[in-house]
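# Secondary and tertiary structure notes
So you can see what is in the structure, the chains are spelled out below.
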Amino acid sequence: MPVPFEALIPYAIMIGMFGVSGAGLSLLRNYTNDWKRPRRSLDQWDRVMMDRDARLTGSLRGQSANPRAPPGFELSSTWKIEERII
């Protein structure tokens, strides 16, 4: 006995929603990475360079070919100031 097509409509809706949510997450991930592929196997050096690039260009994935740092870069240090306990 064949299955009526009305029983397959909820499955098509569920599969469609999984596809829409997957495509949306992929689009969001690419948008946050400046439309570049995600980085894999990041070590401490890569994270430090990403932080430096973020301070130079304003984006984690952006890089600058300018040999001179912009004004104010020397004041945006990543070293955190700790409070003295006296």
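So, here's what we can say about the structure. Note that the coordinates shown come from a computational prediction; the quantities given were computed from them, not determined experimentally. (Residues numbered from 1 in each chain as written. Predicted model: local features only at pLDDT ≥ 70, side-chain atom pairs only at ≥ 80, totals over all residues. Heavy atoms only, no water.)

### Thoughts on the overall build of the chain
Applied cut-off: Strands are runs of DSSP state E lasting at least two residues, helices are runs of H or I lasting at least four, and both sets are numbered from the N terminus onward. With C-alpha atoms as the basis for the radius of gyration, the globule rule is written as 2.2 Å multiplied by the number of residues raised to the power 0.38. Exposure is judged per residue with a 1.4 Å probe applied to protein chains only, and the accessible area is read against the type maximum: over 50% gives exposed, under 20% gives buried, and values in between give partly exposed. By definition in these notes, contact holds between two residues if any of their heavy atoms fall within 4.5 Å. Accessibility throughout is a Shrake-Rupley quantity obtained with a 1.4 Å probe, and a residue counts as covered only by protein chains that appear here. For the charge count, each Lys or Arg is scored as positive and each Asp or Glu as negative, with His and the chain ends excluded. Positions of charges follow a simple convention, taking NZ of Lys, CZ of Arg, CG of Asp or CD of Glu.
Check the secondary structure of the chain and you find 2 helices and 0 strands. For the chain, the C-alpha radius of gyration of 24 Å lies well beyond 12 Å, the compact-globule estimate for 86 residues. Based on the C-alpha atoms only, the size of the chain along its principal axes is roughly 80 × 40 × 25 Å. Counting all 86 residues of the chain, 7% fall into the buried class. Long-range contacts, defined here as pairs at least 24 residues apart, represent 25% of the contacts in the chain between residues at least 6 apart. Of the roughly 8300 Å² of accessible surface on the chain, 62% is carried by carbon and sulfur atoms. Taking the 12 positively charged and 9 negatively charged side chains of the chain as two groups, their mean positions are separated by 5 Å.

### Considerations on the side chain of N33
Locating N33 in the fold gives a position in the loop between α1 (9–32) and α2 (44–57). Not counting residues within four places of it along the chain, the set of residues in contact with N33 comprises P38 and R61.

### Section: the pattern of salt bridges
As a reminder of what qualifies: Throughout this description, the term salt bridge denotes a Lys or Arg side-chain nitrogen within 4 Å of a carboxyl oxygen of Asp or Glu.
The tally for this structure, following the rule as stated, stands at 1 salt bridge. A salt bridge links D53 to R52, with the shortest nitrogen-to-oxygen separation between them at 3.1 Å. Residue class for D53 comes out buried when judged on its relative accessible area of 7%.

### Remarks on the environment of P38
Tracing the chain through its elements places P38 in the loop between α1 and α2. In this structure, the C-alpha to C-alpha distance between P38 and R61, residues 23 residues apart in sequence, is 9.6 Å. Non-local contacts of P38, meaning those with residues more than four positions away in its chain, are made with R29, N33 and R61.

### Section: α2
Test applied: One less than the number of residues in a helix, times 1.5 Å, gives the span that helix is expected to have.
Between its first and last C-alpha, α2 extends 20 Å over 14 residues, near the 20 Å set by a 1.5 Å rise per residue. Just downstream of α2 lies G58, where phi reads positive at about 90°.

### Quick look at the side chain of D53
What counts, and what does not: Polar contacts, as used here, are pairs of N or O atoms within 3.5 Å; protein pairs need one atom able to donate a hydrogen and one able to accept it. Residues neighboring in sequence count only if both atoms are side-chain atoms.
Note on placement: D53 falls in helix α2. Engagement of the side chain of D53 in a polar contact is seen with the side chain of R52, the distance being 3.1 Å. Those residues in contact with D53, other than ones at most four positions away along the chain, are G58, S59, L60, G62 and Q63.

### Re a nonpolar patch on the surface
Test applied: Every patch collects residues that have over 30% relative accessible area and no salt bridge, joining them within 9 Å if they carry like charges and within 5 Å if they are nonpolar side chains (Val, Leu, Ile, Met, Phe, Trp, Tyr).
A cluster of nonpolar residues, V3, L8, Y11, M14 and F18, forms a patch on the protein surface that exposes about 580 Å² of accessible area. Assignment of secondary structure puts Y11 in helix α1.

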